[in-house]
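Residues per chain, in single letters:
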Number of protein chains: 2
Amino acid sequence: MSKGDLLSVRDDIRVVDATLRDGGLCNDFYFTDKFVEDLYRNNINAGVDYMEFGYKASKDMFNPDKFGKWKFCDDEDIREIVGENDSPMKIAVMADVGRCDYKRDIGPKSESPVDMVRIATYINTIPVAVDMIEHCNKMGYETSINIMAVSKNRTEDIRAALDIFGKTPVNCIYIVDSYGAFYPEQIRSFAQMYLEYGEKYNKHIGIHAHNNQSLAFANTIDALQEGVSYLDCTVNGMGRGAGNCQSELLIGFLKNPKYMVEPILDHIEKYMLALKADGVKWGFDIPYILTGQRNSHPRTAMDFVKANRTDYKNLRLDLLDME
Amino acid sequence: MSKGDLLSVRDDIRVVDATLRDGGLCNDFYFTDKFVEDLYRNNINAGVDYMEFGYKASKDMFNPDKFGKWKFCDDEDIREIVGENDSPMKIAVMADVGRCDYKRDIGPKSESPVDMVRIATYINTIPVAVDMIEHCNKMGYETSINIMAVSKNRTEDIRAALDIFGKTPVNCIYIVDSYGAFYPEQIRSFAQMYLEYGEKYNKHIGIHAHNNQSLAFANTIDALQEGVSYLDCTVNGMGRGAGNCQSELLIGFLKNPKYMVEPILDHIEKYMLALKADGVKWGFDIPYILTGQRNSHPRTAMDFVKANRTDYKNLRLDLLDME
């Protein structure tokens, strides 16, 4: 794995736009077709390497009348936007352990516009995740594995998980800071640990950061410096709670001339400001600092923000009570 | 200098609240007395080590009718708030090279509530800065020196400056990221350079970060990890342009039990939300990313924000033209 410096270009870098998927958690995946078409086009022009369209959720478990179509990512809906995807950008979807019917809903890659299936698991559901990786690999897809909420896990268990996933055909293993709880020095040491297994098993390592403590971009570029190469971001940071590493920060930072920030700026001006004005809520805010500092699930903060509360001290006390 | 880890307490740390001073740049220093009284009290309760009240600007150069009193920081105005300052928190003011009449306006410490004079200079005005340090030292104050905008300076010149200031009686030398242009790996290497001189000349090293690229907190704690000990922050990040390292992030991060984040949360709820609602502008926003990425003065972005413009691509082009 290369590391590079602030002036170098690393060919192993892959920028992964997760706006529809993580951002969809903020508006139940109700994006207009125009939004998605323009995002697809803007991402291509910005040099984005993968665009994640949403989840492959099971329609038996989730009522399609209550979510936009990107909760389910039917092949034909993606096809509607990308056609034959005549571009260098690859298409990704996410499949959550326990929330999808992967054997039924994820068929052969030869019939699908999808290139990569990103599998999301907690550390206690690894056997299913392994089965999903093997299924998707057999179907012909690239795969990545997101081991979520590792800031709550024991290092020994994370190492055991990395060893298990190292032996699967998965292409990329992600460091996921679900709670926005990691500080840069922790991310650097996590990156070293994940890269140790990445080198042993020949896997790429990725990072998916959250911005609870205003560290999503810092953690992403610090992981990058250590050798992590798959970098998740979302336009304007749109994502659950405090949101993600902003594409406009990451793409403006990367030195490879294929990355252009202007199309991202366009998308922000044309769409993201209106989404915010319409009341879709995401992004760095005091309540998320407090859950991040406590290494807690952001749900409490999301409810607090949704209720337009500002009694931050009470939230802090509530969080202490939840430990 | 100690470094510590995420669980340790370092006795050399000094948290410096710069809300009135850097924040005053956003509202021409028009804070209500109640704001300042409560900030003083909240800072004490939060464990803040120094509170900067504003500038010592010359009333010959700046019309007192056009600015709030914290642009000038008369001793009697500070006294009005702090009385005899019967607290462990020290009082600081900033004096800008070329914008103050220090020989007239900075008298003996024995007659003043001020403990520390923070002197701000550019690299080309060092002789005046040295004279100011010597004057303030002779008057009995602690002093610090902020060498501003070093992201635009040559390393050789910065080293020469550090050597000059090392030989003065200054107590602390600050790394100042005026343009919010530094990435964490640069801050870490700057910290090492400044600490080299700090160790040689027995000076503390400080950091004053700006949040243009959402890195103010990350850069502050990365500098801290290297051994930097004077840490500037402002409540809710209030400060020029993209603002500063947020007190609520920094104080919530520090492990010394004397630091309490609750009083800062109180101040945000009671005052900062209203300031923002009243139209006082500061904080992370797209235009500041663009000046930060170009290592440019934030003025262009501030004008852009003030004009409520959102044509980000044009700003980016304008910035290219300014190089």
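Every value quoted in this text rests on a predicted model; they were computed, and no experiment measured them.

Trainee: Would you mind going over the overall build of chain A with me for this structure?
Mentor: A count of helical and extended segments in chain A gives 13 helices and eight strands. Computed over its C-alpha atoms, the radius of gyration of chain A comes to 18 Å, within 12% of the 20 Å expected for a compact globule of 323 residues. Along the three orthogonal principal directions, the C-alpha set of chain A runs to about 55 × 45 × 45 Å. Put simply, 75% of the contacts in chain A that link residues at least 6 apart link residues at least 24 apart. Total accessible area on chain A stands at roughly 12,200 Å², and carbon and sulfur atoms take up 47% of it.

Trainee: Would you take a moment to explain the interface of chain B and chain A for this structure?
Mentor: Interfaces are often sized by the amount of accessible area the parts lose when they come together. Taken together, the contact pairs 38 residues of chain B with 38 residues of chain A. When the two sides are added together, the surface that chain B and chain A hide from each other amounts to roughly 3,500 Å², 62% of it contributed by carbon and sulfur. Taken together, the connections running from chain B to chain A amount to six salt bridges. Here chain B is connected to chain A by 13 residue pairs in polar contact (both at pLDDT 80 or more).

Trainee: Is there a simple way to explain unusual backbone geometry in this structure?
Mentor: Trans is the common state for peptide bonds, and a negative phi is the common state for residues other than glycine. The phi dihedral of A:Asn295 falls on the positive side, at around 55 degrees, and the residue is not glycine. Relative to the helices and strands, A:Asn295 resides in the loop between α11 (286-293) and α12 (299-306). Relative accessible area serves as the criterion here: at 18%, A:Asn295 is assigned to the buried category. One non-glycine residue, B:Asp28, lies in positive phi territory at about 50 degrees. Looking at the secondary structure, you find B:Asp28 in the loop between α1 (19-27) and α2 (33-46).

Trainee: Just to check I follow, could you spell out α2(B) for this structure?
Mentor: Helical geometry: 3.6 residues make up each α-helical turn, so side chains three or four residues apart lie on a common side. All names here are of chain B. For α2, which comprises 14 residues, the first-to-last C-alpha distance of 20 Å matches the rise-based estimate of 20 Å (1.5 Å per residue) to within 8%. Listing the buried residues of α2 in full gives Phe35, Val36, Asp38, Leu39, Tyr40, Asn42, Asn43, Ile44 and Ala46. Taken from the residues just after α2, Gly47 is the one with a positive phi, measuring 90 degrees.

Trainee: Looking at this structure, I do not really get the environment of B:Thr310. What am I missing?
Mentor: By secondary structure assignment, the location of B:Thr310 is in the loop between α12 (299-306) and α13 (312-321). Residues in contact with B:Thr310, not counting those within four places in the same chain, are A:Glu269, A:Leu273 and B:Phe304.

Trainee: Just to check I follow, could you spell out the environment of A:Arg316 for this structure?
Mentor: Among the structural elements, A:Arg316 can be located in helix α13 (residues 312-321). Each C-alpha atom of the pair A:Arg316 and A:Pro287 lies 8.3 Å from the other, and the pair is 29 residues apart in sequence. With sequence-adjacent residues up to four places away left out, A:Arg316 is seen in contact with A:Leu290, A:Gln293, A:Arg294, B:Val261, B:Glu262 and B:Leu265.

Trainee: Explain the relation of the copies chain B and chain A here, please?
Mentor: Superposition of the two copies of the chain requires a rotation about an axis together with a shift along that axis. With an RMSD of 0.0 Å, the fit of chain B onto chain A corresponds to turning through 180 degrees and sliding 0.0 Å along the axis. Such values leave the two copies arranged in the relation of a two-fold axis. In this assembly the copies share their binding face: 100% of the residues contributing to the interface of chain B also contribute to that of chain A.

Trainee: Is there a simple way to explain the nonpolar core in this structure?
Mentor: Nonpolar side chains in soluble globular proteins tend to end up buried together. Counting residues in each nonpolar core, the largest one holds 228 residues, and the members touching the most others are A:Phe53, A:Phe165, A:Tyr194, B:Phe53, B:Phe165 and B:Tyr194. Apart from the residues within four sequence positions on either side, A:Phe53 is in contact with A:Leu20, A:Val36, A:Tyr40, A:Trp70, A:Cys73, A:Ile78, A:Ile81, A:Val82, A:Ile91 and A:Ala92.

Trainee: What exactly am I supposed to notice about helix α5 (residues 126-139) of chain B here?
Mentor: All names here are of chain B. For α5, spanning 14 residues, the distance from its first C-alpha to its last is 20 Å, which sits close to the expected 20 Å at 1.5 Å a residue. Within the sequence span of α5, burial applies to Ile126, Ala129, Val130, Met132, Ile133, His135 and Cys136. Immediately downstream of α5, the backbone of Gly140 shows phi near 105 degrees, a positive value.

Trainee: Mind showing me how you'd approach empty space enclosed by the protein here?
Mentor: A probe as big as a water molecule, rolled over the atoms, marks out the empty space that is left. Taken as a whole and assessed by the stated rule, the structure comprises seven cavities of 30 Å³ or more. Here the largest cavity defines a volume of roughly 190 Å³. Taken together, 17 residues form the lining of the largest cavity, with B:Asp5, B:Ser8, B:Ile13, B:Leu224 and B:Phe253 sitting closest to its centre. With three residues, helix α8 (residues 216-226) of chain B is the single largest residue contributor to the lining of the largest cavity. For the lining of the largest cavity, the residue count by class is eight nonpolar, four polar and five charged. Size it by volume and the second largest cavity reaches roughly 160 Å³. A:Asp5, A:Ser8, A:Ile13, A:Leu224 and A:Phe253 are, among the 16 residues lining the second largest cavity, the residues nearest its centre. Here the lining of the second largest cavity gets three residues from one element, more than from any other, and that element is helix α8 (residues 216-226) of chain A. Split into classes, the residues belonging to the lining of the second largest cavity amount to seven nonpolar, four polar and five charged.

Trainee: I keep staring at the sheet that holds strand β2 (residues 50-55) of chain A and nothing clicks. Help me out?
Mentor: For sheets, the rule is that strands pair by backbone hydrogen bonds, running either parallel or antiparallel. All names here are of chain A. Around the barrel, which closes on itself, the eight strands sit in the order β1-β2-β3-β4-β5-β6-β7-β8 with parallel pairing between neighbours. Direction aside, neighbouring strands of the sheet carry axes that sit 25 degrees apart on average. Examined bridge by bridge, strand β3 (residues 90-96) and strand β4 (residues 116-121) share five bridges and lie parallel to one another. The residue bridging Met94 from the neighbouring strand is Arg118, located in β4. Packing against the sheet, helix α2 (residues 33-46) makes contact with β1 (14-17), β2 and β3, and its axis sits at approximately 155 degrees to β2. Here helix α7 (residues 184-201) sits on the sheet in contact with β5 (142-147), β6 (172-176) and β7 (204-208), set at roughly 165 degrees to β6.

The rules we used
Residues numbered from 1 in each chain as written. Chains lettered and ligands numbered in written order. Predicted model: local features only at pLDDT ≥ 70, side-chain atom pairs only at ≥ 80, totals over all residues. Heavy atoms only, no water. Helix = DSSP H or I, 4+ residues; strand = E, 2+ residues; numbered from the N terminus. Rg over C-alpha atoms; globule rule 2.2 N^0.38 Å. Contact = heavy atoms within 4.5 Å. Areas by Shrake-Rupley, 256 points an atom, 1.4 Å probe, with all protein chains shown as cover. Buried area = accessible area lost by both parts, 1.4 Å probe. Salt bridge = Lys/Arg side-chain N within 4 Å of Asp/Glu carboxyl O. Polar contact = N/O pair within 3.5 Å; in protein donor to acceptor, adjacent residues only side chain to side chain. Buried < 20%, exposed > 50% of the residue type's maximum accessible area, 1.4 Å probe, protein only. Expected span 1.5 Å × (residues − 1). Least-squares fit on C-alpha atoms with pLDDT ≥ 70 in both. Core = buried A, V, L, I, M, F, W, Y, C linked by side-chain atoms within 4.5 Å. 1 Å grid on protein atoms, 1.4 Å probe; cavity = no way out; pocket = protein on both sides within 12 Å on 5 of 7 lines; lining within 4 Å. Points joined across faces, edges and corners; volume = space filled by probe spheres on them. Nonpolar A, V, L, I, M, F, W, Y, C, P; charged D, E, K, R; others polar. Pairing = 2+ DSSP bridges. Axes fitted to C-alpha atoms, helices over the stretch in contact; angles between N-to-C directions.

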